[in-house]
Amino acid sequence: MPRALVLVLLATWLVFAQGVAYGVAIYDGKAYPVEVEVRVGPGNGTVEIKGLWYYDETFRISTISACWEAAIAAGLDPFAYNYTVVVEPLNGSRALVGTSLSLAVAAATYSALTNKPINASIMFTGTVAPGGVVDFVGGLVEKAIGARQYGFKLFVYPVLQHNDYKIIMKPKLYGVYGTLVETFQITPLALAQIIPIAEVGNLYQAAALATDAPYNLTANLVQFDTKAWRILNTSNPSAEKALLYEIYLYYNKSLYLLKTRPEYATTLLQRTSTALSYVQISKNYTATATEALPRALSEILVAYFYVRILTSPGEATREIYTYLDALQTVVTRLNKTAMLCDDAYAHMYIHLGEILKTQGDRSLASFLLLGYPELAAEAAYFYSQAAYALWKAALYLSTPSEWQYDVNKTLAAYKRYVEYAVNYADLYSKATDVISPQLVGNAFLNYFRGASAERSSNLKAALGYYIEALTHALTYFAIHPAFPNTTAVKYVQYLDTLSHLLNDNSTVIKENLALASLAQLNETRVLYLARAHACLLAEKWANATPHYSELHSQDFKLPNKPKPPEGDYTPWILATAILAAAFFTIQTRRLIQNVHK
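Residues numbered from 1 in each chain as written. Predicted model: local features only at pLDDT ≥ 70, side-chain atom pairs only at ≥ 80, totals over all residues. Heavy atoms only, no water.

Student: How should I be thinking about the packing of aromatic side chains in this particular structure?
Tutor: For any pair of aromatic rings, the description rests on two quantities: the centre-to-centre distance and the angle between the ring planes. Under the definition given, this model contains 29 aromatic pairs. Centroid distance Tyr 27 to Tyr 32: 6.2 Å. Interplanar angle 55 degrees. Geometry classified as tilted. As far as burial versus exposure is concerned, Tyr 27 and Tyr 32 are alike and both buried. Taken together, a centroid distance of 6.2 Å and an interplanar angle of 90 degrees make the contact between Tyr 349 and Tyr 388 edge-to-face. On the criterion of sequence distance, the pair formed by Tyr 349 in helix H11 (residues 340-370) and Tyr 388 in helix H12 (residues 373-397) is long-range, its members being 39 residues apart. The exposure class assigned to Tyr 388 is buried, which follows from its relative accessible area of 8%. Taken together, Trp 68, Phe 79, Tyr 414, Tyr 417, Tyr 420, Tyr 424, Tyr 428, Tyr 476, Phe 477 and Trp 541 form an aromatic cluster joined through their ring pairs. Above the face of the Tyr 250 ring, Lys 253 is positioned so that its terminal group lies 4.6 Å from the ring centre. The ring of Tyr 321 carries the charged tip of Lys 357 above its face, separated from the ring centre by 4.5 Å. (Phe/Tyr/Trp six-rings, centres within 6.5 Å; stacked < 30°, edge-to-face > 60°. Buried < 20%, exposed > 50% of the residue type's maximum accessible area, 1.4 Å probe, protein only. Helix = DSSP H or I, 4+ residues; strand = E, 2+ residues; numbered from the N terminus. Lys NZ or Arg CZ within 6 Å of the ring centre and 35° of its normal.)

Student: In this structure, what is going on with empty space enclosed by the protein? I would like to understand it.
Tutor: Rolling a probe over the atoms, with the probe sized like a water molecule, indicates the empty space that remains. Applying the stated criterion across every chain, the model contains 3 cavities of 30 Å³ or more. The space that makes up the largest cavity amounts to roughly 70 Å³. Among the elements that make up the lining of the largest cavity, the one with the highest residue count is helix H16 (residues 487-499) (3 residues). Split into classes, the residues belonging to the lining of the largest cavity amount to 6 nonpolar, 2 polar and 2 charged. (1 Å grid on protein atoms, 1.4 Å probe; cavity = no way out; pocket = protein on both sides within 12 Å on 5 of 7 lines; lining within 4 Å. Points joined across faces, edges and corners; volume = space filled by probe spheres on them. Nonpolar A, V, L, I, M, F, W, Y, C, P; charged D, E, K, R; others polar.)

Student: Is there a simple way to think about the side chain of Ser 102 in this case?
Tutor: Examined against the element boundaries, Ser 102 turns out to sit in helix H3 (residues 102-114). In contact with Ser 102, not counting residues within four places along its chain, are Ser 62, Ala 66, Gly 126, Thr 127 and Val 128. (Contact = heavy atoms within 4.5 Å.)

Student: What is the right way to read the nonpolar core from this model?
Tutor: The tendency in soluble globular proteins is for nonpolar side chains to be buried as a group. Tyr 414 and Ile 467 are the most contacted members of the largest nonpolar core, which has 192 residues in total. Ranked by the residues each element gives to this core, the list is headed by H12, at 17 residues. If we ignore the near neighbours within four places in the chain, the residues touching Ile 467 are Leu 340, Cys 341, Ala 344, Tyr 345, Tyr 414, Ala 534, Cys 535 and Ala 538. Counting residues in hydrophobic clusters, the runner-up holds 5 residues, among them Val 159, Leu 160, Tyr 165 and Phe 483. (Core = buried A, V, L, I, M, F, W, Y, C linked by side-chain atoms within 4.5 Å.)

Student: Would you take a moment to explain the pattern of salt bridges for this structure?
Tutor: One side chain can pair with another of opposite charge once the charged atoms of both are near each other. Applying the stated rule across the entire model yields 16 salt bridges. The partner of Glu 57 in a salt bridge is Arg 60, with the nearest N and O atoms 2.6 Å apart. With a gap of 3 residues between them, Glu 57 and Arg 60 both fall in helix H2 (residues 57-73), about one helical turn apart. Glu 57 sits in the partly exposed class, given a relative accessible area of 38%. Salt bridges sharing partners connect three or more residues here, namely Lys 253, Arg 308, Glu 315 and Glu 319. (Salt bridge = Lys/Arg side-chain N within 4 Å of Asp/Glu carboxyl O.)

Student: Where do I start with the side chain of Ser 62 in this structure?
Tutor: Here Ser 62 lies in helix H2. You can call Ser 62 buried: its relative accessible area is 1%. Among the polar contacts listed, one links the side chain of Ser 62 to the backbone oxygen of Thr 58, at a separation of 2.9 Å. Aside from chain neighbours lying at most four places away, what touches Ser 62 is Gly 98, Thr 99, Ser 102, Val 128 and Tyr 424. (Polar contact = N/O pair within 3.5 Å; in protein donor to acceptor, adjacent residues only side chain to side chain.)

Student: Please clarify how the confidence of the model for the protein should be interpreted in this entry.
Tutor: Low pLDDT means the predicted coordinates in that region are not meant to be read closely. The predicted model of the protein averages 85 in pLDDT, with 84% of residues at 70 or higher. Per-element mean pLDDT across the protein ranges from 31 in helix H19 (residues 553-556) up to 96 in strand S8 (residues 127-128). A low-confidence stretch, residues 545-580 stays under pLDDT 50, and its non-local contacts, those more than four residues away or across chains, total 38 contacts. The low-confidence segment residues 583-597 (pLDDT under 50) makes 22 contacts with residues lying over four places distant or belonging to another chain. (pLDDT = per-residue confidence, 0-100.)

Here it is as structure tokens:
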């Protein structure tokens, strides 16, 4: 049969496909469509992959990511369903590797969950990562050519990949000597000359394209700005006044110590001036006070404790212990029910304060034994950080909330999501050489701290550590791979993602939105936003009702093919029509698979 007729038959069949999306895979340098069908039903978040004889770990974890993130984008609890992902490459192959099919999996999952027909004339390629962002894939030119050859009308790929980004080594002369230097190279791919294209930066954009729904990025950014402005202009907790009094108290103590010990003037003056700068920031930008004021106090205390330990070790020890014990008592009395994220972070900081105090005790004991000034500085640092952590907890708990949440239920679901996100970040960084030891390392560090707190039955602290672990994993996927001139675009796409979730007034979210507004456009700003994102996801699970798993089959079955117009059909006519449609579909698929044999 002529190839043109095969493509026409394929296009006809695609028009009636629902709950099915099409990705693309490259075999021997040539791209072939991959049909992805997703079936959902009540369950516990299990993802089963069918149709393949072999797939690697990156394919498995990206498929899980696609299913869960599609559920989140649909406003649902991803752990209330089971997902069966049926993968069928149209060249008959039964092996797939990599992450690029996950965008098609996500589109099919979104269609199945929402019962919205999907535009099956679209071919998708992209990596769906935690947080719903869509990251880079390879082989864009070959995939675009394959999409055109098989009659697809639109090729959807990750934002910014209309260019190819490479770091190459080029020779360069330094005087009479030569060396190789890293050079960043950007090469336009001209995909639009091959097939109509669309770029997506997150799953919300991809879902809108898949279902032919309108999408307005500019309106979403305006909505985010409006919500953030409302959150930032809420009142401050009264505990900030007490902390400000504490700062000025130790400021005066430092000045008095300066008079009696002028040889430490440089140390004391540098730290107190830095502290006053933080105080001024808290006055100019009131929403940052919950971070700026504890930071100001820690700056004063680290110098004050250091000089006191060096000059009067016995008195310093008593003063430090008395202060930290009194602060611990105050925080314990403030231990009321707060917003979930405030509550979790407060208990995390209480737990962290205990750890820091213990480390300070070890350093102080070593100083008293050996007398090295470095050990005194180390002890002063740990004690000042313990005070910082306890004051952070006090500020977060100073605004109680009437909202009650089940910490056991929330922790179980959230830990599962965080574990997958952290492992995905580690696996993705190794597979792509897009390495960020600080972000991925901090994600693992906080995850293990959370597991340790959970083993000691400190569940709220464990939840706080898990939120912080997810913060670093989300930051990694939101900003990497980071090339010159790409950060701003990725930042806008991430704001678009947050615009669909931001609806909270917790102190932690308010603080991090304020800090993000002051930070430069770099990894730090995205980290602050990711912390708000991680908090919002935690509260999403806490708000999930226990009836989520009681699904209505009419809402969550894979959509059926369109029914014929109603009429007075006899049973044998209906049976004949069904058999004819089944025969037509089977023959069409066989023809497609045989074209390239």
